[in-house]
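What the coordinates show
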Amino acid sequence: MAIIMAMAAAGKTMTMPARVLLLLSCLFCARAVSAAVTSSAAATTIEMHGSGTTNPSKYFWKVMDVLEERARTPVRMTYRAVGSGTGQKEFMDEVSDFGSGDIPLSETGYNSFPSGTVVQVPFQLGAVSFFHNVPADDLGVGGRLNLKCETLAKIFMRTITTWDHADIAAENPNLSVPSNQPITIIHRSDGSSSTFGITSYLSEACPTVWTGGATKSPGEFGVDVTYALPQQGSGNVADAIHENQYSIGYIDAGHGHELGFQEISLTNKNGQQLTSEEADIPKAATAYGTLPGIDDNWSEVSLINLEGEDVWPITAITYIYAKTTLTGEVGRLVKSFMLYCLSDEGQAMLPDFLFFPLSDATKESMVTQVKAKFSSLTAWSFELASAT
């Protein structure tokens, strides 16, 4: 265009074909410049990827949305809900920038890292529970199903296979089910912290009946093509409970309540018969006592079947796993992600996703430790609504 104007000023003219060619050339150059700018902007986008337990996935996605919207530099964050076992493996194999699980790294896993190079940062508390799909009319007066740990163990080992079994009837005198009505058990097929939670409970509360110990794998559950249905992921477990009348399964308690499932009443170590909705979930952390430092071995930390009034017997801490050797923009982003999850704003969001925040003292301790362990990485800059 500048050439055309210059020729006009000099009293020269261009033929029509020449003008068309020149205009097309200008348009091509403009598009090339625009594409180069776009490509340059895309190249500066910082990406952070995590994977692990299903339980906090919706919370993580919300946090990531908030941080992406507030980031002064373009960022892209992802989290894949693949289960605690797979999340730990991917973290240890450096597939992801951070991992998350409702169980700590095993002692072997922890010791596979050079001393002081891995942290396990608690950021929320949750409960795992058993849910059933027995018709309400069958439950009778009170509409409640009570099962002791010994009975639950026998059900999941499939030594008890019908709902009218004498052990179940003794605990639930008002239960009236069809004769010889089969029990369908729903359990995880993959390595799962939920499986670890319920097997830890059965192992702690009735070790003479449940002899398989605490495990993430489904190998200790009874096998039956029709009445034992392994499922990949907690979402599929929930779907199977819903779809199969007279079934029993386990998922995180908040998820079960959100779906309107009927919860089984358990007996805690204090001798109370209660559901997770009636329990004081954070009280399990208080009952445990002093927690390790974030760069210590957490493999012996367990909130399963602890003493105390209203304590829920299957309470879990959810962790973020990260390496202190992280560097650059990704390292800064992982640090900032952890700090947001531990911030007042981040902790206040947890009840919206049916989980529980840390106590103020624990939260402050975690923030101090994260800042200290990642002191070489400056905090990421985020826009705040109050500043815009």
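Presented here is a report on the structure given in the accompanying data block. (Residues numbered from 1 in each chain as written. Predicted model: local features only at pLDDT ≥ 70, side-chain atom pairs only at ≥ 80, totals over all residues. Heavy atoms only, no water.)

**As for the packing of helix α3 (residues 57-70) against helix α13 (residues 328-342)**
To keep it simple, the criterion reads: Every axis corresponds to a line fitted to the C-alpha atoms, with the helix fit spanning only the stretch in contact, and the corresponding angles, defined between N-to-C directions, vary from 0 to 180 degrees. Each helix is a run of DSSP H or I of at least 4 residues and each strand a run of E of at least 2, with the numbering of both proceeding from the N terminus. Put simply, a crossing is left-handed when the front helix is turned counterclockwise from the back one by less than a right angle, and right-handed when it is turned clockwise. The contact definition used throughout considers only heavy atoms, calling two residues in contact when any of these lie within 4.5 Å.
Axis separation between α3 and α13 bottoms out at 11 Å; the angle between their running directions is 115°. Two packed elements cross with a definite hand, and for α3 against α13 that hand is right-handed. Contact residues: Tyr 59, Phe 60, Val 63, Met 64, Val 66, Leu 67 and Arg 70 in α3; Phe 337, Tyr 340 and Cys 341 in α13.

**Observations regarding helix α9 (residues 193-205)**
Definition in use: In a helix, the anticipated span is given by 1.5 Å times the number of residues less one. When accessible area is computed with a 1.4 Å probe and restricted to protein chains, residues below 20% of their type maximum are described as buried, those above 50% as exposed, and intermediate ones as partly exposed.
Counted at 1.5 Å a residue, the expected span for α9 with its 13 residues is 18 Å, and the 18 Å between its end C-alpha atoms agrees. Within the sequence span of α9, burial applies to Ser 193, Ser 194, Thr 195, Gly 197, Ile 198, Thr 199, Ser 200, Tyr 201 and Leu 202.

**Re the side chain of Thr 199**
Note the threshold: For the purposes of these results, a polar contact is taken to be a pair of N or O atoms within 3.5 Å, where, inside protein, one atom must be able to donate a hydrogen and its partner to accept one; residues adjacent in sequence count only when each atom of the pair is a side-chain atom.
Along the polypeptide, Thr 199 turns up in helix α9. A polar contact of 2.8 Å, which involves the side chain of Thr 199, links it to the backbone oxygen of Thr 195. Looking at Thr 199, its side chain comes within polar contact range of the main-chain oxygen of Phe 196, at 3.3 Å. Those residues in contact with Thr 199 that sit more than four places away from it in its chain are Trp 210, Gly 213, Ala 214, Thr 215 and Phe 221.

**Topic: unusual backbone geometry**
If a residue is not glycine, its phi is most likely negative; likewise, a peptide bond is most likely trans. In this structure, Glu 94 takes a positive phi of about 60° despite not being glycine. Looking at the secondary structure, you find Glu 94 in the loop between α4 (84-92) and β3 (98-101). Positive phi is not limited to glycine here, since Asn 305 has a value of about 55°. Mapping Asn 305 onto the fold places it in the loop between β11 (303-304) and β12 (314-323).

**Notes on the side chain of Thr 195**
Relative to the elements of secondary structure, Thr 195 occurs in helix α9. Side chain to side chain, Thr 195 and Tyr 250 meet in a polar contact 2.6 Å long. When sequence neighbours within four positions are dropped, the list of residues in contact with Thr 195 reads Arg 188, Thr 215, Lys 216, Ser 217, Phe 221 and Tyr 250.

**Examining the state of the cysteines**
Here is the rule: By definition, disulfides here are pairs of cysteine sulfur atoms that lie within 2.5 Å.
This model, assessed by the stated rule, comprises zero disulfides. Residue Cys 206 stays outside any disulfide, its sulfur separated by 3.4 Å from that of Cys 149, the closest cysteine.

**Comments concerning the environment of Ala 170**
Residue placement: Ala 170 occurs in helix α8 (residues 166-171). Relative accessible area serves as the criterion here: at 65%, Ala 170 is assigned to the exposed category. In sequence terms Ala 170 and Asn 146 are 24 residues apart; their C-alpha atoms lie 9.9 Å from each other.

**Side note on the pattern of salt bridges**
Threshold: Salt bridge, as used here, is a side-chain nitrogen of Lys or Arg placed within 4 Å of a carboxyl oxygen of Asp or Glu.
Tallying each qualifying case throughout the model produces eleven salt bridges. Salt-bridge contacts for Glu 345 lead to Arg 70; the nearest nitrogen and oxygen are separated by 2.9 Å. Of the two residues, Glu 345 sits in helix α14 (residues 344-349) while Arg 70 sits in helix α3, which places them 275 residues apart along the sequence. For Glu 345, a relative accessible area of 36% puts it in the partly exposed group. Look at Arg 70 and you get partly exposed, because its relative accessible area is 22%. The partner of Asp 93 in a salt bridge is Lys 89, and the shortest N-O contact between them spans 2.7 Å.

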